[in-house]
Amino acid sequence: MNEASKLVTDSLLNEFVTIKVGNSAFTVYPPSIKVLCRAISEFSKIGMDGEYNKLTVLSELPLNSTHIIKGLSALIVGDVRNWRWKAHRVGKQLMKLNLSELNKVKEDVISLAGGDDFFVCAASLKSMSVMAAKQK
């Protein structure tokens, strides 16, 4: 398979991810800007600003796990009615995961929120604004 067909196939197949958490399965779709802002708002509250080793990272877990769980929950439920309540329910299930399972969920969800499309859009609009504002 050549590179172009592989890229097209991957983009078609990666429109959603199904995540299994305990006995529940969630279908996660690429997040909208509104959902990304909700998640990033929670992720920005994570307070790890220093030098850490494996032991001191564990001491930060109780302080930061709620922000991680809330951000991931917002990405999982998406933009639906009563999203706070649904995200709270998903968060209760995410709390039961061990750290490697939580990391796997994070990898799967964040892969849908890739910044490539945003970067292309922002770069092209910025170049357009430079061309429009250029004096003749």
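Everything here concerns the structure above.
In this report, the structure presented in the accompanying data block is examined. What you see is a predicted model, and the numbers here were worked out from it, not measured in a lab.

Some remarks on the pattern of salt bridges
Here comes step 1: Following the criterion strictly, the structure yields five salt bridges and no others.
Here comes step 2: Here Arg 38 and Asp 79 are joined by a salt bridge, their closest N and O atoms 3.5 Å apart. Taken together, the residues span a long stretch of sequence, with Arg 38 in helix α2 (residues 33-43) and Asp 79 in the loop between α3 (54-77) and α4 (83-94) at a distance of 41 residues.
Here comes step 3: Here the residues in one salt-bridge network are Lys 34, Arg 38 and Asp 79, joined through shared partners.

Some words on the packing of α3 against α4
Here comes step 1: Axis separation between α3 and α4 bottoms out at 8 Å; the angle between their running directions is 120 degrees. By the angle between their directions, the pair α3 and α4 is classed as oblique. In this structure, α3 meets α4 at a crossing whose hand is right-handed. Of the residues in α4, those touching α3 at Ile 69, Leu 72, Ser 73, Ala 74, Ile 76 and Val 77 are Trp 83, Lys 86, Ala 87, Val 90, Gly 91 and Leu 94.
Here comes step 2: Split by residue class, the contact of α3 with α4 holds nine nonpolar, two polar and one charged.

Some details on the pairing of strand β1 (residues 17-21)
Here comes step 1: Only one face of β1 is covered, namely the one carrying Val 17, Ile 19 and Val 21; the face carrying Thr 18 and Lys 20 has none of its residues buried.
Here comes step 2: Bridging between β1 and strand β2 (residues 24-28) involves five bridges; their strand directions are antiparallel. Bridge pairing links Ile 19 to Phe 26 in β2.
Here comes step 3: Count of turn residues in the β1/β2 antiparallel hairpin: two residues, of which Gly 22 carries a positive phi of about 65 degrees.

Notes on the side chain of Asn 64
Here comes step 1: The residue Asn 64 is located in helix α3 in this model.
Here comes step 2: In this structure Asn 64 comes out as buried when scored by relative accessible area, which is 6%.
Here comes step 3: If we skip the residues at most four places from it in the chain, Asn 64 touches Lys 45, Ile 46, Gly 47 and Met 48.

Here's the deal with the packing of α2 against α3
Here comes step 1: As a packed pair, α2 and α3 sit with axes 8 Å apart at the nearest point and diverge in direction by 175 degrees. Relative to α3, the element α2 lies roughly antiparallel. Two secondary-structure elements touch here, α2 through Val 35, Leu 36, Arg 38, Ala 39, Glu 42 and Phe 43 and α3 through His 67, Ile 68, Lys 70, Gly 71, Leu 72, Ala 74 and Leu 75.
Here comes step 2: Across the contact of α2 with α3, the residue classes break down as eight nonpolar, two polar and three charged.

Observations concerning a nonpolar patch on the surface
Here comes step 1: On the surface, a cluster of nonpolar side chains totalling about 390 Å² of accessible area is made up of Leu 55, Leu 58, Leu 61 and Leu 99.
Here comes step 2: Element by element, the count of residues in the nonpolar patch is highest for α3, at three residues.
Here comes step 3: For Leu 58, the location among the structural elements is in helix α3.

Considerations on α3
Here comes step 1: Within α3, the axis deviates most sharply at Pro 62, by approximately 55 degrees.
Here comes step 2: What α3 keeps buried is the set Glu 60, Asn 64, Ser 65, His 67, Ile 69, Gly 71, Leu 72, Ser 73, Ala 74, Leu 75, Ile 76 and Val 77.
Here comes step 3: Elements in contact with the buried residues of α3: β1, β2, α2, α4 and α5 (99-112).
Here comes step 4: Following α3 by one or two positions, Gly 78 adopts a phi angle in the positive range, close to 75 degrees.

Thresholds, definitions, all that
Residues numbered from 1 in each chain as written. Predicted model: local features only at pLDDT ≥ 70, side-chain atom pairs only at ≥ 80, totals over all residues. Heavy atoms only, no water. Salt bridge = Lys/Arg side-chain N within 4 Å of Asp/Glu carboxyl O. Helix = DSSP H or I, 4+ residues; strand = E, 2+ residues; numbered from the N terminus. Axes fitted to C-alpha atoms, helices over the stretch in contact; angles between N-to-C directions. Parallel < 35°, antiparallel > 145°, perpendicular 65-115°, else oblique. Left-handed = near helix turned anticlockwise from the far one by under 90°. Contact = heavy atoms within 4.5 Å. Nonpolar A, V, L, I, M, F, W, Y, C, P; charged D, E, K, R; others polar. Buried < 20%, exposed > 50% of the residue type's maximum accessible area, 1.4 Å probe, protein only. Pairing = 2+ DSSP bridges. Patch = residues over 30% accessible without salt bridge, like charges linked within 9 Å, V, L, I, M, F, W, Y side chains within 5 Å. Areas by Shrake-Rupley, 256 points an atom, 1.4 Å probe, with all protein chains shown as cover. Bend = angle between axes of the 7 residues up to and from the residue.

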